[in-house]
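Coordinates in review
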Amino acid sequence: SSDLRLMKYRTYLTTVIITVVMSFFCPSCGKKDRQLGTAITSRDSASVVTTRGVDMLISENGIIRYHVIAEEWKMFDKMNPPFYSMEQGVLLEILDSVMQVESMLKADTAYYMNKTKIWHLISNVHAENVKHEEFDTQELFINNGSNRMYSDSLIHIKQEKQILVGHGFESHTSLTEYTIRKTEGVFPITE
């Protein structure tokens, strides 16, 4: 949290310095016949920080819980509700109390809602647990407050000897104890 505030402050400071420097070196800035585009008047729709090549750890209540790798991370702190956006893919590792990976998730797009502390993973969501079971769906939510994952979408769970298919799913964030709602079938894996 303090790293994000520091990053936000540095971005703001850099923007101010660039604006001041450009005002001294822009010879045509004083001309009155300039054609200007429409100004963005709503700060709500613009990200306050955009970071590329993100590899960071996120803590909750002083305990590191997540390792996040994303191509691009955008902060929308003026939106209601405020959120973070990772729209170019994300790799999310959920860590236990001794910083060992208890589950790994990948998705094409992810959002983190600051106030509700909910991750929303969308499109080609793939997860794995420590038992090497694989979970594939198109949408998944992670609730930090309750340490639960859930989805109402079609889900495939590949276990060692079978594949489970159903609509709807709920689990602890470790993905070791889970419930499938509306089971459609159990298919044995033949070798």
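Above this text sits the structure in question.
A few points on the structure.

What counts and how
Residues numbered from 1 in each chain as written. Predicted model: local features only at pLDDT ≥ 70, side-chain atom pairs only at ≥ 80, totals over all residues. Heavy atoms only, no water. Core = buried A, V, L, I, M, F, W, Y, C linked by side-chain atoms within 4.5 Å. Buried < 20%, exposed > 50% of the residue type's maximum accessible area, 1.4 Å probe, protein only. Helix = DSSP H or I, 4+ residues; strand = E, 2+ residues; numbered from the N terminus. Contact = heavy atoms within 4.5 Å. Phe/Tyr/Trp six-rings, centres within 6.5 Å; stacked < 30°, edge-to-face > 60°. Lys NZ or Arg CZ within 6 Å of the ring centre and 35° of its normal. Salt bridge = Lys/Arg side-chain N within 4 Å of Asp/Glu carboxyl O.

Here's the deal with the nonpolar core
Of all hydrophobic cores here, the largest spans 31 residues; its most connected members are Met86, Leu105, Trp119, Leu121 and Ile142. With 5 residues, strand S2 (residues 63-76) is the largest single contributor of residues to this core. Each residue touching Leu121, except ones within four places of it in the same chain, is listed here: Leu105, Ala107, Thr109, Ala110, Gln138, Glu139, Leu140 and Ile142.

Remarks on the packing of aromatic side chains
The tally for this structure, following the rule as stated, stands at 10 aromatic pairs. An angle of 50 degrees between the planes, with centres 5.7 Å apart, marks the rings of Tyr66 and Trp119 as tilted. With a gap of 53 residues between them, Tyr66 in strand S2 and Trp119 in strand S7 (residues 118-129) connect regions that are remote in the sequence. Assessed through its relative accessible area of 1%, Trp119 is described here as buried. Ring centres 5.0 Å apart and planes at 40 degrees place the aromatic pair Trp73 and Tyr84 in the tilted group. With a gap of 11 residues between them, Trp73 in strand S2 and Tyr84 in strand S3 (residues 83-86) connect regions that are remote in the sequence. A residue is classified by how much of its surface remains accessible, and Trp73, at 2% relative accessible area, is buried. The exposure class assigned to Tyr84 is buried, which follows from its relative accessible area of 12%. Among the aromatic residues, ring-to-ring pairing joins Tyr66, Trp73, Tyr84, Tyr112 and Trp119 into one connected group. In this arrangement the basic side chain of Arg65 is found over the ring face of Tyr66, its NZ or CZ atom lying 5.9 Å from the centre.

Thoughts on the pattern of salt bridges
Taken as a whole and assessed by the stated rule, the structure comprises 5 salt bridges. Notably, a salt bridge pairs Glu72 with Lys74, separated by 3.9 Å at the nearest N-O pair. In this structure Glu72 comes out as buried when scored by relative accessible area, which is 8%. Salt bridges sharing common partners tie together Arg148, Asp152, Glu170 and Arg181.

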